[in-house]
Amino acid sequence: MYIAMDVIQKWRSGDPQAFEELFRQYYKLVFKTAYLMVGSKEEAEDVLQEAFVAMWRSRKTFDPDRGKLTTWLCRITVNLCNNRRRVKSIDSVSLEEARNDGFDLPDTSVQSPDEICAKKWEYEQVVKAIGSLDGKHRAAVVLRYFGELSYEEIAQVLDIPVGTVKSRLSQALRTLNQVIAKDICQEPVRRYGTVEKT
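Everything numeric here is computed off the predicted structure, so don't read it as measured data.

Quick question: what am I supposed to make of helix 7 (residues 135-146) here?
Every α-helix carries 3.6 residues per turn, so stepping three or four residues along brings you back to the same face. A rise of 1.5 Å per residue sets the reference length of helix 7, with its 12 residues, at 16 Å; its end C-alpha atoms lie 15 Å apart and thus fit the reference within 8%. All buried positions along helix 7 are accounted for by G135, H137, R138, A139, A140, V141, V142, L143 and F146.

Structure follows, in structure tokens:
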């Protein structure tokens, strides 16, 4: 995502049109991050609004010499999500809920029906597994694999050392693998019923 420095400078000076351009550029990133962190469309929309209000109010504190705008905005978003998570427990999101909330699913235009079913099932397992992570591990995974931030950018967002980012990602991926493996082992029984003994 590239935004010209003059747009950023205009936004920092209070130009509403520059702010609208930044909103159009980054709202999907903020919504996706919030949705995966808080687990519901309504909560994610609230976070989206709060993040951009905070972005506008704090525009003069953004320093392009200290980091990218995406990193700064992701930090605002993650902090808002963490504040919400402290207040209430966040449930995991099912694939059907994600689809109903307008969340993008993998492209299925050139896949066979079996491939589409497999991809959707895999996607559902990943989203469900992410919902099982605690806040600090979920944030690292969402920022790395859905926000496509570098380790250094994640470290800036979460205000932790790069080594801690790598450690959290490693722990999170182990947990995700365990959760998904457990679900895969249970899937044939759920999908086809019980196996009769002969």
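Here the narrative resumes, following the displayed structure.
Would you explain the packing of aromatic side chains in this entry?
Here a ring pair, both rings aromatic, is described through the centre-centre distance and the interplanar angle of the planes. In total, this model carries 8 aromatic pairs according to the counting rule given. Aromatic side chains W11 and F62 sit 5.9 Å apart centroid to centroid with 50° between the ring planes, which places their arrangement in the tilted category. On the criterion of sequence distance, the pair formed by W11 in helix 1 (residues 5-12) and F62 in the loop between helix 3 (41-57) and helix 4 (69-87) is long-range, its members being 51 residues apart. Judged by its relative accessible area of 0%, W11 is buried. Here F19 and F52 contribute two aromatic rings whose centre-to-centre distance is 6.2 Å and whose plane-to-plane angle is 70°, an arrangement assigned as edge-to-face. Within this pair, whereas F19 is found in helix 2 (residues 16-38), its partner F52 is found in helix 3, the two being separated by 33 residues in sequence.

Teacher, can you tell me more about the nonpolar core here?
A general feature of soluble globular proteins is that nonpolar side chains tend to end up buried together. Ranked by internal contacts, the top residues of the largest apolar core, which has 50 residues, are W11, M55, L69 and L158. Listing elements by their share of this core, those giving two or more residues are helix 1, helix 2, helix 3, helix 4, helix 6 (113-131), helix 7, helix 8 (151-158) and helix 9 (162-192). Ranked by residues supplied to this core, first place goes to helix 2 with 12 residues. Sequence-distant contacts of L69, defined by excluding residues within four places in its chain, comprise I8, W11, L22, Y26, M55 and F62.

Conventions adopted
- Residues numbered from 1 in each chain as written.
- Predicted model: local features only at pLDDT ≥ 70, side-chain atom pairs only at ≥ 80, totals over all residues.
- Heavy atoms only, no water.
- Helix = DSSP H or I, 4+ residues; strand = E, 2+ residues; numbered from the N terminus.
- Expected span 1.5 Å × (residues − 1).
- Buried < 20%, exposed > 50% of the residue type's maximum accessible area, 1.4 Å probe, protein only.
- Phe/Tyr/Trp six-rings, centres within 6.5 Å; stacked < 30°, edge-to-face > 60°.
- Core = buried A, V, L, I, M, F, W, Y, C linked by side-chain atoms within 4.5 Å.
- Contact = heavy atoms within 4.5 Å.

The analysis is restricted to geometry; functional conclusions fall outside its scope.
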